[in-house]
Amino acid sequence: MTVIVRDLRPQDPADVENFTRARHLALPHVLWTPAGVIHRTLHTDPAAQYRSLVAEEDGEVIGTAQLGLAEDSQEPGHAYLNIYVRPDRTRRGAGALLVRTAEDHLTAHGATKLYSWVLDEPQNLAFARRHGYRPTRPAHFLHLDLAHTALPPLQPPPPGVELRTAADFADDPRPFYELDAETAVDEPSDGDATFTAYDTWIEENWKHPLLDRALTTIVLVDGRPAAFTAAHTDGTGRYATAMTGTARAFRGRGLAKLAKNDSLHRARAAGCTEALTGNDAGNEPMLAINKWFGYEIRATEVRHVRELS
C-alpha cells in the first residue's frame, strides 16, 4: 500500500467529490460540499498561496489538507494548515505526509509560525505534539435539531430596529461588508488581524456558493446595519452559522440573539432540519446564547501552533 500526496484537481468532479466525502467523514460537524471545496480552492486570495491537498492510497482519497498564508495577519509569517484523515484510514502515514508537504510549501513562502486546528481526541493531540505543535485554545462544534427542538418564540423588534436579509443588499452589499469587517476583527484570534479588502470579500464571502442570502439576517438600528448572522446551507436540510456579530456601538442590546432567532425560524420554515455552529470555548456569552437556542456541544477542536526557528 503506497500513500502519495498531491494537489486536488478542482476540474475533476470525481476528485472533488472524494475530497468532500473524506473531509465529511473526518469532520461531520461542518458543511462540506463539492461547490464549497471548489470555491475555496479557486477563489481564495492569491496572496494566501492557498492549496487543497489529498492523500491517496492506491487510488483512494484517505486524507485531506487545506493550507495557506494568513494574509489577514498584521504579523508576517503566519500560516495555517488543517489536516484531516478519514477515521477508518488512520495509521497509514497519510497525516504525516500531508503535514510535511504542507509545511514545505508554507515555509517556502516565508511562513515562520504555523497554526492548525486539531480534534480534541488523544490520538489527534498526540499526533500534533509529535510534529512539534503545542495547544493554545479550544473551540466547540455545536448541533441543534431544528426538526424537533422548540425554538424561542419570535419577538417583535424594538422601536427603531428592523430585520432584513442579505438578499435585500444584493444591489450594494458594502454595508454588510463593513459590519462584517468591524465584528470579525474582534473575534478571538492568534494575533492582530486586519480584515480582507472589499473586492476579496465579494469573491470569497458574498459569492460563496453556500451563503444563503435569504436566511442571513441583518439587524438595522435606525437604518444602520448593527448586527447579523450569516447562514450557509447545503441543500440537504443542513444549516450552518458562518458568523454572528454585533457592531461595537450596539453591543449589550440582544441584537445578535435577535438575528440568530430570526434566521433559525426562517431556516426551519424553509425545510432545514439541523443547524450547526462553532463557538470559541472562551466566548462564554455566545456559548450561553447558543445553549439558550438548544444547541449542544458535539465535538471540540484545539488550536495548535508551531513556531519555526
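Structure: see above.
Position numbers for residues start from 1 in each chain and track the written sequence from start to end. Confidence filtering applies because this is a predicted model: local features only for residues at pLDDT of at least 70, side-chain atom pairs given and counted only at 80 or more, and all residues used for totals across whole chains, interfaces and linings. Side-chain metrics in this entry use all non-hydrogen atoms of the structure; hydrogen atoms and water are not considered.

**So, the overall build of the chain**
Then comes step 1: Secondary structure counts use DSSP, requiring at least four H or I residues in a row for a helix and at least two E residues in a row for a strand, with both numbered from the N terminus. Secondary structure assignment for the chain yields eight helices and 12 strands.
Then comes step 2: The C-alpha atoms of the chain give 20 Å as radius of gyration, which agrees with the globular expectation for 309 residues (19 Å, within 12%).
Then comes step 3: Along the longest, intermediate and shortest principal axes, the C-alpha atoms of the chain span 65 × 40 × 35 Å.
Then comes step 4: Classification of residues uses two cut-offs on accessible area relative to the type maximum, computed with a 1.4 Å probe and protein chains only: under 20% is buried, over 50% is exposed, and between them is partly exposed. When each of the 309 residues of the chain is scored for burial, the buried share is 51%.
Then comes step 5: Here, residues are in contact when the closest pair of their heavy atoms is within 4.5 Å. Look at the contacts in the chain between residues 6 or more apart in sequence, and 73% of them connect residues 24 or more apart.
Then comes step 6: Charge-centre separation for the chain: the mean point of 33 positive side chains lies 4 Å from the mean point of 42 negative side chains. Note on method: radius of gyration uses C-alpha positions; expected globular size equals 2.2 Å times residues raised to 0.38. In this tally, Asp and Glu contribute negative charge and Lys and Arg positive charge; neither His nor the terminal groups of the chain are included. By convention, the charge on Lys lies at NZ, on Arg at CZ, on Asp at CG and on Glu at CD.

**Describing the environment of A102**
Then comes step 1: Take A102: it is sitting in helix 3 (residues 94-108).
Then comes step 2: What makes A102 buried here is its relative accessible area of 0%.
Then comes step 3: C-alpha separation for the pair A102 and N82, spaced 20 residues apart in sequence, amounts to 9.2 Å.
Then comes step 4: When residues no more than four places from it in sequence are discounted, the contact partners of A102 are L53, L67 and L81.

**Describing the layout of surface pockets**
Then comes step 1: Cavities and pockets were defined on a 1 Å grid built over protein atoms only: a cavity is a set of grid points that admits a 1.4 Å probe from which the probe cannot escape, a pocket is an open set flanked by protein on both sides within 12 Å along at least five of seven lines, and lining residues are those with an atom within 4 Å of any such point. Grid points are joined across faces, edges and corners, and a volume is the space filled by probe spheres set on the points. The calculated volume of the second largest pocket comes to roughly 680 Å³.
Then comes step 2: Lining the second largest pocket are 33 residues, with V85, T90, Q123, N124 and F127 sitting closest to its centre.
Then comes step 3: Sorting the residues of the lining of the second largest pocket by element identifies helix 1 (13-26), strand 4 (78-85), helix 3, strand 5 (113-119) and helix 4 (122-130) as the ones contributing at least two each.
Then comes step 4: For the lining of the second largest pocket, the element with the most residues is helix 4, which contributes six residues.
Then comes step 5: Any residue that is not Ala, Val, Leu, Ile, Met, Phe, Trp, Tyr, Cys, Pro, Asp, Glu, Lys or Arg is counted as polar, Gly included; the first ten are nonpolar and the last four charged. A breakdown of the residues in the lining of the second largest pocket according to their chemical character gives 20 nonpolar, eight polar and five charged.

**Details of the sheet that holds strand 4**
Then comes step 1: Spatially, the 12 strands line up as an open sheet ordered 1-2-3-4-5-12-6-11-10-9-8-7, and their pairing is mixed. The sheet is open, and its two borders are formed by strand 1 (3-7) and strand 7 (161-165), each paired with just one other strand. Between one strand axis and the next, the sheet turns through 25° on average, direction left out of account.
Then comes step 2: Helix 1 rests against strand 1, strand 2 (51-57), strand 3 (60-69), strand 4, strand 5 and strand 10 (238-246) of the sheet, and its axis sits at about 85° to strand 3.
Then comes step 3: Axes here refer to lines fitted to C-alpha atoms; in helices the fit is confined to the stretch in contact. Angles between the N-to-C directions go from 0 to 180 degrees. The sheet strands contacting helix 5 (residues 174-184) are strand 8 (217-221), strand 9 (224-233) and strand 10, and the helix crosses strand 9 at an angle near 90°. Pairs of strands are assigned from DSSP output, requiring at least two bridges between the strands.

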